[in-house]
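Geometric and topological summary
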Number of protein chains: 2
Amino acid sequence: VTEDQPPAVATAGPVKVVGTGLLGASVGLGLTTRGVHVILEDISPTALALARDLGAGVPASAEDPQPALVVVATPPDVVVPTVAAQLRAHPDAVVTDVASVKGLVVDGLAALPEDGRPRWERYVGSHPMAGRERSGAAGASADLFAARPWVIADGGTSSAEAVLAVRALAVDLGAIPVALTPAEHDDAVALVSHVPQVAASLVASALAEAPEEALALAGQGLRDVTRVAAGDPILWASILAGNAAPVARALRALQGDLERVVGALEAVSARGLAASGSLQVLVAAIAAGNAGVARIPGKHGGAARRYGEVTVLVPDRPGELGRLLVEVGEVGVNIEDLRLEHSPRQKVGMATLAVLPSAVKTLEDALEQRGWRVVYG
Amino acid sequence: VTEDQPPAVATAGPVKVVGTGLLGASVGLGLTTRGVHVILEDISPTALALARDLGAGVPASAEDPQPALVVVATPPDVVVPTVAAQLRAHPDAVVTDVASVKGLVVDGLAALPEDGRPRWERYVGSHPMAGRERSGAAGASADLFAARPWVIADGGTSSAEAVLAVRALAVDLGAIPVALTPAEHDDAVALVSHVPQVAASLVASALAEAPEEALALAGQGLRDVTRVAAGDPILWASILAGNAAPVARALRALQGDLERVVGALEAVSARGLAASGSLQVLVAAIAAGNAGVARIPGKHGGAARRYGEVTVLVPDRPGELGRLLVEVGEVGVNIEDLRLEHSPRQKVGMATLAVLPSAVKTLEDALEQRGWRVVYG
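The following paragraphs examine the structure supplied in this document. (Residues numbered from 1 in each chain as written. Chains lettered and ligands numbered in written order. Predicted model: local features only at pLDDT ≥ 70, side-chain atom pairs only at ≥ 80, totals over all residues. Heavy atoms only, no water.)

**Re the interface of chain A and chain B**
The condition is simple: Two residues form a contact once any of their heavy atoms are found within 4.5 Å. Each of two parts loses accessible area, computed with a 1.4 Å probe, when they are put together; buried area is these two losses added. Any Lys or Arg side-chain nitrogen found within 4 Å of a carboxyl oxygen on Asp or Glu counts as a salt bridge. Distance and chemistry together define a polar contact, namely a pair of N or O atoms within 3.5 Å, with one atom able to donate a hydrogen and the other to accept it when in protein, and with adjacent residues in sequence counting only for side-chain atoms on both sides. Counting from the N terminus, the helices are DSSP H or I runs at least four residues long and the strands are E runs at least two residues long. Charged means Asp, Glu, Lys or Arg here, nonpolar means Ala, Val, Leu, Ile, Met, Phe, Trp, Tyr, Cys or Pro, and polar covers whatever is left, Gly included.
Of the residues lining the interface, 128 residues belong to chain A; the matching set on chain B comes to 125 residues. Of the roughly 10800 Å² buried where chain A meets chain B, counting both sides, 67% is carbon and sulfur surface. In this assembly, chain A and chain B are joined by 10 salt bridges. Taking the shortest distance from any N to any O, the salt bridge between Arg373 of chain B and Asp143 of chain A comes out at 2.6 Å. For the interface between chain A and chain B, the tally reads 22 residue pairs in polar contact (both at pLDDT 80 or more). Take the side of chain A that touches chain B: its biggest share by element is 17 residues, from helix 10 (residues 244–271) of chain A. Split into classes, the residues belonging to the side of chain A that touches chain B amount to 78 nonpolar, 28 polar and 22 charged.

Next comes the structure, spelled out in structure tokens:
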């Protein structure tokens, strides 16, 4: 293998991408970069030309060979008819879609009249958990899916060959395949995306009538909690409605927890901390949140993993942080995560290194011997 | 004024800081940096030594002069007796506290038996709206309060001299003084801090029992909404209990809004989008959140600075990150901040370097030339 050869890929081409927005164009770019022949289709000639010019593939023509795989990346409300049409048009191809709810697509295909319904074992839904603020092909990137989860949602109706083909696509694009049934997927996005959206919107809406002075006290915590509440109302209402049952179930459970917290606060308000068990209810609610938040994996899809931390004062001079990390390497300890905090006035930074728990003591001792100031506690 | 002179300050020293955790040590650091004599006190010798080593001040001794100002920065449940003790011990000093609820402190002082109660016109409560995840002096910074609101909560019992002294402290530390009564303060923090905390904790706690695969789908939205849910349970339970009535009132209002959203989702789930008015309820809930989030002021002043980001894949081997940072130094680019994210499955980390926007392109090109894999977008 010479350096000029593209990396080996598992995806068999040609691949047809229907819908050349952000996700479709990124799929096309990622595959083209890796040497796979990509055919593009979009009802908008402008979107199609932009994706072509970016190098995402070649616009479909009558002479095209039959695709081995079709990726439907249209807006969600036309996914079902588009998937059905592609299954019919390409009777040997595997077809997938990348819409953000999966039960609705499977139900939609199942509801097609039997004589008009294509053989749909060649279909398996998927959902790459990637996106960015900039939409459309202009935001596309061959690395959009790198290290992101990519759900492959087989509800038992897909052939092993179809699942394998979509899995190969995800892996070729650098994503981490996650196998879920459509129902499991929809429950999961209710918990990790839709319920947080509702909570953020409700917290934010309480600010609409608050006095100006109250808003002046807003800190980063409030900004973080409510950031997603700035989302588009029509888009979000349709996302929530598309996943209504799982979201409603999850919110009912949250209501029960909320009622316990409010009850405890009212008891404390009426009778002070003498209100038996009330403080415990509050501690338990926050502790349960700790447990939940600890399970959220890092930004690029790595599993949440417990590391030990070593915090070191780093003089605020060029090269000092590099010197620290080189010395950590010399000690033979691998850095799993790193935070740098920087205070211009103090002329010192604080580097917190996450390492395997078994390496904490070794590293602390070695760094102190080398003259670094380790901060404990 | 030469460069070596500290900036002019309005705060008359010595200032005594009781409790050298995050806030106390940061007050000490900020004042010491500005040339004010700071005396430190903490029941924990370890916490006291760390604050001293960071440069936050000098541990209290029998020879200390009488302080002009005492800042009580203890855990909230001992604020009242500590304030009372400091008022007695220093009969000419102004005393303030930095606890996050204010009505409770005033009520607690008022409830002291009259013969044992010190002259409390020298007391005025305050609340700097600053904090961070890491607690303790290790997280302290002279700039912690820069451009943050600092509530001065006079309920009509404080002398003008006391209010002025605490106002001077806030301004000297770079904060923005906000005058509120204790009751106004407590209603405001319920809305902007305590209700968001409860919401974040409840959303996060729903993740505690979720399947591993669901967590793998987490994105930045979930991380933002739940970040504050990592807060300390004992500390937060005592903060919520200390502000029980205002928080309970605000949460009852939120419950009503939540019930409407759940009702609409259940109607959609049962009858589809035909469910009259349901989609409109969802749109209205998200739109109300838009309106609320639009009222949240941005970060004040020049504290926040926009940097460009360069993201680089780093092989998961000891020394690789150090090598990267040394090479960034060789390119002549200064790293303003750094995040490392690690995906065990891929045996590769992703380092995101914050640099001046003008240096982004230079750095990306230089690193690619040196064989690093730069991630765009």
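So that's the structure; there's more coming.
**Considerations on the layout of surface pockets**
What counts here: Points on a 1 Å grid over protein atoms alone make up a cavity when a 1.4 Å probe fits among them but cannot get out, and a pocket when they form an open set with protein on both sides within 12 Å along at least five of seven lines; lining residues each have an atom within 4 Å of a point. Grid points are joined across faces, edges and corners, and a volume is the space filled by probe spheres set on the points.
If you add up the space inside the second largest pocket, you get close to 620 Å³. Taken together, 31 residues make up the lining of the second largest pocket; nearest its centre are Val101, Leu104, Ser238, Ala241 and Gly242 of chain B. Of all the secondary-structure elements, those providing two or more residues to the lining of the second largest pocket are helix 10 of chain A together with helix 3 (79–89), helix 4 (103–110), helix 6 (182–205), helix 9 (233–242) and helix 10 (244–271) of chain B. With five residues, the single largest contributor to the lining of the second largest pocket is helix 9 of chain B.

**So, the pairing of strand 9 (residues 308–315) of chain B**
All names here are of chain B. Here is the rule: Each residue is assigned to one of three classes by its accessible area relative to the maximum for its type, calculated with a 1.4 Å probe on protein chains only: buried under 20%, partly exposed between the two thresholds, exposed over 50%. For two strands to count as paired, DSSP must find a minimum of two bridges between them.
When you tally the buried positions in strand 9, you get six out of eight residues, the bulk of the element. Where strand 9 meets strand 12 (residues 373–375), three bridges bridge the pair, whose relative direction is antiparallel. The residue of strand 12 that forms the bridge with Val312 is Val374.

**What to know about the sheet that holds strand 1 (residues 15–18) of chain B**
Residue and element names in this part refer to chain B. The strand order across the open sheet built from five strands is 3-2-1-4-5, with neighbouring strands paired in parallel fashion. On the outer flanks of this sheet lie strand 3 (58–59) and strand 5 (94–97), each paired with one strand and no other. As judged from the four bridges shared by strand 1 and strand 4 (residues 69–72), these two strands associate in the parallel manner. Pairing of Lys16 across the sheet is with Val70, part of strand 4.

**Section: helix 6 of chain B**
Filter applied, for reference: In this scheme, the bend at a residue equals the angle between the axes fitted to the seven residues that finish there and the seven that begin there.
Remark: the principal bend of helix 6 of chain B, roughly 50°, maps to Ala190 of chain B. With 20 of its 24 residues buried, helix 6 of chain B lies for the most part within the structure.

**Let's talk about the side chain of Gln197 of chain B**
By the secondary structure assignment, Gln197 of chain B is in helix 6. Setting aside residues no more than four positions away along its own chain, Gln197 of chain B makes contact with Ile286 of chain A together with Val228, Ala229 and Trp236 of chain B.

**Some remarks on helix 5 (residues 160–172) of chain B**
All names here are of chain B. Our working rule: Given a helix with a known number of residues, its expected span is that number minus one, times 1.5 Å.
The end-to-end C-alpha distance of helix 5, which contains 13 residues, comes to 18 Å, matching closely the 18 Å that a straight helix rising 1.5 Å per residue would cover. Buried residues along helix 5 sit in contact with helix 1 (22–33), strand 4, strand 5, strand 6 (125–128) and strand 7 (149–153). A positive phi of about 85° marks Gly174, the residue just after helix 5.

**Some points on the sheet that holds strand 1 (residues 15–18) of chain A**
All names here are of chain A. Which entries qualify depends on this criterion: In this description, a line fitted to the C-alpha atoms serves as the axis of each element, helices being fitted only across the stretch in contact, and the angle between N-to-C directions of two axes falls anywhere from 0 to 180 degrees.
Across the sheet, which stays open at both edges, the five strands sit in the order 3-2-1-4-5 with parallel pairing between neighbours. Single-partner strands in this sheet number two, and they are strand 3 (58–59) and strand 5 (94–97). The strands that helix 2 (residues 45–54) touches are strand 2 (38–41) and strand 3; relative to strand 2, the one it contacts most, it runs at about 155°. Taken strand by strand, helix 3 (residues 79–89) contacts strand 1, strand 2, strand 4 (69–72) and strand 5, and its axis lies near 170° from that of strand 5.

**Some words on the environment of Ala49 of chain B**
Topologically, Ala49 of chain B is positioned in helix 2 (residues 45–54). Put simply, Ala49 of chain B and Pro59 of chain B are 10 residues apart on the chain and 8.0 Å apart in space, counted from C-alpha to C-alpha.

**Digging into the environment of Pro128 of chain A**
Position of Pro128 of chain A among the secondary structure elements: in strand 6 (residues 125–128). Once you skip the residues sitting within four places of it in the chain, Pro128 of chain A turns out to touch Val98, Phe145, Pro149 and Trp150 of chain A.

**Overview of the nonpolar core**
As a reminder, the rule being used: Here, nonpolar core means buried Ala, Val, Leu, Ile, Met, Phe, Trp, Tyr and Cys residues that are tied together by side-chain atoms lying within 4.5 Å of each other.
In terms of nonpolar packing, the biggest core is built from 101 residues, with Leu217, Leu251 and Leu265 of chain A together with Leu251 and Leu265 of chain B touching the most fellow members. Apart from the residues within four sequence positions on either side, Leu217 of chain A is in contact with Met129, Pro149, Val151, Val178, Leu180, His185, Ala188, Val189 and Val192 of chain B. With 40 residues, the next largest nonpolar core counts Leu353 of chain A together with Leu321, Val355 and Val360 of chain B among its residues.

**Things to note about the packing of helix 12 (residues 320–331) of chain A against helix 13 (residues 360–369) of chain A**
Residue and element names in this part refer to chain A. Worth spelling out the cut-off: Angles below 35 degrees are treated as roughly parallel, those above 145 as roughly antiparallel, those between 65 and 115 as roughly perpendicular, and all remaining angles as oblique. By the definition used in this description, the sense in which the near helix is turned from the far one sets the handedness, with an anticlockwise turn below a right angle giving left-handed and a clockwise turn giving right-handed.
Orientation of helix 12 relative to helix 13, taken along the N-to-C sense of each, is 120°, at an axis distance of 10 Å. Relative to helix 13, helix 12 is oriented oblique. When the axes of helix 12 and helix 13 are compared, the crossing they make is right-handed. Contacts between helix 12 and helix 13 involve Leu324, Val328 and Val331 from the former and Thr362, Leu363, Ala366 and Leu367 from the latter. Across the contact of helix 12 with helix 13, the residue classes tally to six nonpolar, one polar and no charged.

**Re unusual backbone geometry**
Residues and elements named next belong to chain A. With an omega of -10°, the peptide bond running from Gly13 to Pro14 counts as cis. Relative to the assigned elements, Pro14 resides in the segment before strand 1. A positive phi is found at Ala147, a non-glycine position, where the angle reads about 65°.

**Remarks on the pattern of salt bridges**
Going through the model one piece at a time under the given rule, you end up with 30 salt bridges over all chains. Across the salt bridge formed by Arg52 of chain A and Asp53 of chain A, the nearest N and O atoms sit 3.1 Å from each other. Across the pair Glu259 of chain B and Arg252 of chain A runs a salt bridge, and its minimum N-O distance is 3.1 Å. Taken together, the residues span two chains, with Glu259 of chain B in helix 10 and Arg252 of chain A in helix 10. A single network of salt bridges, built from pairs that share partners, joins Glu320, Arg323, Glu327, Glu330 and Arg370 of chain A.

**Quick notes on the pairing of strand 8 (residues 176–180) of chain B**
All names here are of chain B. Formally: Crossover handedness is defined here as right-handed if the route from the first strand over the helix to the second strand goes clockwise, with the strands pointing away from the viewer.
Pairing analysis gives five bridges linking strand 7 to strand 8, with the strands arranged parallel. Note on strand 8: the bridge partner recorded for Ala153 is Leu180. The handedness of the strand 7 to strand 8 crossover, carried by helix 5, is right-handed.

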